[in-house]
Amino acid sequence: MVATTPRHRPWPYALPPSPEQWQALDATRRLADVRARLLPKLNSELAARGCKSGDPAFIRIFKETSELELWLRPGAGGFRLFQTYRVACYSGTLGPKTREGDMKAPEGFYAFGKSQLNPASRYHLSFNIGYPNEFDRSQKRTGSLIMVHGSDVSIGCFAMTDPVIEEIYLIVEAALNAGQAGVPVHAFPFRMSAARMENARIAGEPSLAFWQELKTGHDIFEKTRVPPAVSVAGGQMAFDEAF
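### Observations regarding the overall build of the protein chain
Helix and strand content of the protein chain: six helices and twelve strands. In terms of overall size, the protein chain behaves like a compact globule, its C-alpha atoms giving a radius of gyration of 18 Å where 243 residues would be expected to give roughly 18 Å. Expressed as a percentage of the 243 residues in the protein chain, the buried residues total 51%. A separation threshold of at least 6 residues defines the contact pool for the protein chain, and within that pool the share at least 24 residues apart is 59%.

### Focus on helix α6 (residues 208-224)
Under the 1.5 Å per step criterion, the end-to-end length of α6 is 24 Å for 17 residues, consistent within 8% with the ideal 24 Å. All of the buried residues in α6 are L208, F210, W211, E213, L214, K215, G217, H218, I220 and F221. Looking one or two places after α6, you find R225, whose phi comes out positive at around 60°.

### Remarks on the pairing of strand β11 (residues 229-233)
Pairing analysis gives five bridges linking β11 to strand β12 (residues 236-240), with the strands arranged antiparallel. When the bridges of β12 are listed, A229 appears paired with D240. If you look at the hairpin formed by β11 and β12, you'll find two residues sitting between the two strands, and G234 has a positive phi there, around 60°.

Parameters at a glance
- Residues numbered from 1 in each chain as written.
- Predicted model: local features only at pLDDT ≥ 70, side-chain atom pairs only at ≥ 80, totals over all residues.
- Heavy atoms only, no water.
- Helix = DSSP H or I, 4+ residues; strand = E, 2+ residues; numbered from the N terminus.
- Rg over C-alpha atoms; globule rule 2.2 N^0.38 Å.
- Buried < 20%, exposed > 50% of the residue type's maximum accessible area, 1.4 Å probe, protein only.
- Contact = heavy atoms within 4.5 Å.
- Expected span 1.5 Å × (residues − 1).
- Pairing = 2+ DSSP bridges.

The following block contains the structure:
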């Protein structure tokens with residue numbers, strides 16, 4: 001039987017050990033195991049898309065369609081899509097996370113660095129996306145430890161299954177080790193098309209004004225294929241295309 005990801009891509013790697021075997025490994029042995037199983041073929045997967053290990057990485061998440069996109073930047077141009085994965089589980093409804101314990105996955109513009117990688121995670125492997133960000137704090141939003149991780153259960157995080165998180169983890173780890181200061185993570189409620197935004201307006205969605213700000217950043221990337229730098233002034237987001 002051919003192993004597959006949740007989106008039915010033929011899975012080119014040996015599958016991870018059982019959860020029981022994995023939990024018995026310390027962080028060093030976990031990373032040695034996953035690198036041994038994935039790296040030779042992962043390098044081939046990257047090369048087939050004109051990329052290599054260490055290229056800058058960028059992640060987009062769309063909650064409504066349960067999709068996580070992993071983008072890579074192989075040269076001086078824009079990012080190119082490496083893979084789209086199905087999010088196995090996220091908790092809550094559409095709309096931003098506003099407080100600790102609300103069981104909602106966040107929406108917004110985040111980033112993580114080396115210190116936020118966690119190979120000793122209870123959920124196989126994980127990284128903290130950086131919630132709350134500057135805008136969240138300006139809105140008095142609370143919460144912590146929002147992860148992209150393995151497994152298929154979630155309380156405010158984005159669960160990707162154990163095999164899938166291994167591929168994502170090695171790619172973003174390599175990008176950070178190669179000098180990328182932080183991997184951006186842009187989390188959206190849905191595909192930010194004009195039609196979907198109009199549906200939200202007609203429905204009287206309470207998050208519409210916030211989503212309109214998200215759409216501005218979303219559309220910059222759609223135009224330039226480079227994630228904008230995001231700052232906050234007076235409780236509003238501002239975007240700089242020279243990221």
